[in-house]
Amino acid sequence: MAKPPQGQQDFIRAIVSRDLDTHQFGGAVRTRFPPEPNGHLHIGHAKSLCVNFGIAGEFAGGRCNLRFDDTNPAKESSEYVESIREDVRWLGFDWEDRCFFASDYFERFHDYAVSLIKKGRAYVDSLSADDIRRHRGTLTEPGRDSPYRTRSVEENLRLFSHMRAGDFEEGAHVLRAKIDMASSNINLRDPTLYRIRRAPHHRTGAAWAIYPTYDFAHPLSDALEGITHSLCTLEFEDHRALYDWVLDECAVDCHSRQIEFARLNLTYTVMSKRKLTALVDEGHVSGWNDPRLPTLRGLRRRGYPPDAIRRFCEHIGVAKRDSVIDVRLLEHFVREELNARAPRVMAVLRPLRVVLTNYPDGDGEELPAVNNPEDPSMGARMVPFSRVLYIERDDFCDDPPPRYFRLAPGREVRLRYAYIIRCADVIRDERTGEIVELHCTYDPDTKSGSGGAVRKVKGTVHWVSAAHALEAEVRLFDHLFTVPDPDHDPEGREYRSLLNPNSLERLRGCRVEQALRDAAVGRRFQCERQGYFCVDDDSTGGQLVLNRIVALRDSWAKIAPGRSQETR
RNA sequence: UGGGGGAUCGUCUAGGGGCAAGACAACAGAUUUUGGAUCUGUGAACCCAGGUUCGAUUCCUGGUCCCCCAGCCA
């Protein structure tokens, strides 16, 4: 016997609980995640996944199926099926042995269609698509019956079998439900149930010449799988009457309850399949796995941990109101997860050479550094230190503003895990005046962990030893769009014109700690004081490429806006 | 000008005839060998108008605004 979860419930869980209490579905809870294999999953799908698998997991005996809604062979392919399965698995959901396809049910759908014809509830219409549209009426005017609406059952049966046999051209006929051409709900004005398609289907090949529409296939798929709660997004709200009509007319033994909830929108991005496809096809991004995209492949490559995505989806809740979630909430969960898990490392993105004039020449020394101050069990590592180092260009300022605690002429700063140094000389390019190198002195008594280390300085700065550092390319990402809601720009501009021209910044010649030498693709790190980074797919044996997943919170950027060279 | 939905802090989400709660964001402070993390605190909301009621954000009535629907897409 299923038991409802305790605690705060969203409206869907409340309905499921109530259905359990009233024995609506014999105590069962079955949901499904029903993607169409015509594109890649995005974080909006992750919300749906969390709702469907989440609810199934919370109620005893609950099950969630993965079901591919593959009723349109012209748009679908098995590559998408595999991509979707991979993404669902990556997020951590397990459909066990319940991966289904609507196409598995084609024969049964056909039989239901025949039964509808026999009952006089469906007919073959031979109007063109244009004429059907003209007969449909408008939002305020009723439609008109098709002249073919009164065909006899026998003729409908004969025509439908010829449709199935492939005797007609695409568009020559369709099978329509016979409901009500005057209905105020346009979905009920004799909706199309079957259309002729000559495209090969990715699973059934050329076996079928006719394919069911979503409105016919979806309720029947749910019924056949014993789905109790068919959860979908708001735009299907007025399809529910049709959903129920199909189930009422088709003599199935399970009548699922369709419940609609608001889809996920995120600030500074777009989520519609159409817009995402356009961004990829028009080359605004490098592909479906571009780290700036909200696709699951993009987020994965960017380095977003799946657990953070799930926790985000659980946190935002489920409701019916249209909303746009602040992407910073997602980033919060990414930081929270990575703060706990990611090993720390030092990396200099924009290197500035520093020579410690009083430090002995030679191999230098090795200094211990903790891997994660949040988690002592992650241990420590040795970091090479020597006479010539790199620090971040941003960590030196010729003419420091108030409250600038980093290095400046004559000032002191601590090198993380090492010594306090003082800037003695600024070496410039004679021609350009550009700072090429700093000459500093170090205080040997201030080594981290030693007695002299108790001396306080205002700032601590990260560094790498020039002779020991690895070179890397680092990619910094900013929002893909310049406005929070590119779907609804207040000035009415089209989303393409709102793309952020600076959403990708590639830094070459970055210097990173040796600890990254053999880091596998996908490994995540915190580069101290900068952010969380992930080893990109583009990395090769010789060239390390890092993606910045998300920057650390930067309180200096708030104190001195515009002072920091880094975006975000 | 048909039908279906929805309006609660800046953004999400709860609640519900009796002090409107949480998270993110913001702000202030403490702390810190990451200007990170952590901790403490502050500001911040019931679409409008009537009605019922001792009392309405909640119930009723009437508005206003927003979203979706006229595919042989899903």
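First, a word on scope: everything that follows refers to the structure included in this document.

About the criteria used
Residues numbered from 1 in each chain as written. Chains lettered and ligands numbered in written order. Predicted model: local features only at pLDDT ≥ 70, side-chain atom pairs only at ≥ 80, totals over all residues. Heavy atoms only, no water. 1 Å grid on protein atoms, 1.4 Å probe; cavity = no way out; pocket = protein on both sides within 12 Å on 5 of 7 lines; lining within 4 Å. Points joined across faces, edges and corners; volume = space filled by probe spheres on them. Helix = DSSP H or I, 4+ residues; strand = E, 2+ residues; numbered from the N terminus. Nonpolar A, V, L, I, M, F, W, Y, C, P; charged D, E, K, R; others polar. Pairing = 2+ DSSP bridges. Axes fitted to C-alpha atoms, helices over the stretch in contact; angles between N-to-C directions. Contact = heavy atoms within 4.5 Å. Near = heavy atom within 4 Å. Polar contact = N/O pair within 3.5 Å; in protein donor to acceptor, adjacent residues only side chain to side chain. Expected span 1.5 Å × (residues − 1). Buried < 20%, exposed > 50% of the residue type's maximum accessible area, 1.4 Å probe, protein only. Arc of directions from axis to C-beta.

Here we look at empty space enclosed by the protein
Within this structure, the stated rule accounts for 3 cavities of 30 Å³ or more. Counted as a void, the largest cavity has a volume near 230 Å³. Taken together, 20 residues form the lining of the largest cavity, with Thr-269, Arg-292, Arg-302, Tyr-304 and Val-327 sitting closest to its centre. Every element with two or more residues in the lining of the largest cavity is listed here: helix 10 (296–302) and helix 12 (327–341). For the lining of the largest cavity, the element with the most residues is helix 12, which contributes 3 residues. Here the lining of the largest cavity is built from residues that sort into 12 nonpolar, 3 polar and 5 charged. Val-383, Pro-384, Trp-463, Val-464, Ser-465, His-468, Ala-469, Val-512, Glu-513 and Gln-514 are the residues that line the second largest cavity. Of all elements in the fold, only strand 14 (380–385) and strand 20 (463–465) reach the threshold of two or more residues within the lining of the second largest cavity. Here the lining of the second largest cavity gets 3 residues from one element, more than from any other, and that element is strand 20.

Focus on the sheet that holds strand 5 (residues 174–177)
The 4 strands are arranged 4-5-6-7 in an open sheet whose pairing can be described as antiparallel. Edge strands, defined here as strands with exactly one partner in the open sheet, are strand 4 (122–125) and strand 7 (210–212). With strand direction ignored, the average angle separating the axes of adjacent strands in the sheet is 20 degrees. Note: strand 5 against strand 6 (residues 192–196), 3 bridges, orientation antiparallel. Its bridge partner lying in strand 6, Arg-176 is registered against Thr-192. Its contacts with the sheet place helix 6 (residues 153–165) against strand 4, strand 5, strand 6 and strand 7, and it is angled at close to 65 degrees to strand 4.

Some words on the protein's contact with RNA strand B
The immediate surroundings of RNA strand B are formed by 71 residues, with Gln-8, Arg-321, Arg-344, Ser-448 and Gln-526 found nearest. Of what RNA strand B places within 4 Å of the protein, 67% of the atoms are sugar or phosphate. Between RNA strand B and Lys-456, the relevant distance is 3.3 Å, taken from a phosphate oxygen to a side-chain nitrogen or oxygen of the residue. One of the backbone N or O atoms of Arg-529 is found 2.6 Å from a base oxygen in RNA strand B. Within the residue set of the surface near RNA strand B, elements represented by two or more residues are helix 5 (129–135), strand 6, helix 11 (306–316), helix 12 and helix 13 (555–559). Its residues assigned to classes, the surface near RNA strand B comprises 22 nonpolar, 21 polar and 28 charged.

Some details on helix 12
For helix 12, with 15 residues, the first-to-last C-alpha span of 21 Å sits near the 21 Å given by 1.5 Å per residue. Among all positions of helix 12, only Val-327, Leu-330, Glu-331, Phe-333, Val-334, Glu-337 and Leu-338 are buried. Buried residues in helix 12, looked at end-on, bunch into an arc of 160 degrees, giving them a common side. If you follow the buried residues of helix 12, they end up packed against helix 2 (43–58), helix 11, strand 10 (344–345), strand 23 (524–527), strand 24 (531–535) and strand 25 (544–551).

What to know about the layout of surface pockets
Each pocket or cavity is described by its volume, and for the largest pocket that value is around 960 Å³. Lining the largest pocket are 35 residues, and of these His-45, Glu-235, Phe-236, Arg-263 and Lys-273 lie nearest its centre. Listing elements by their share of the lining of the largest pocket, those giving two or more residues are strand 1 (30–33), helix 2, helix 7 (214–225) and strand 8 (229–233). Per-element tally for the lining of the largest pocket: the top contributor is helix 2, with 4 residues. A breakdown of the residues in the lining of the largest pocket according to their chemical character gives 11 nonpolar, 13 polar and 11 charged.

So yeah, pure geometry; function would need other evidence.
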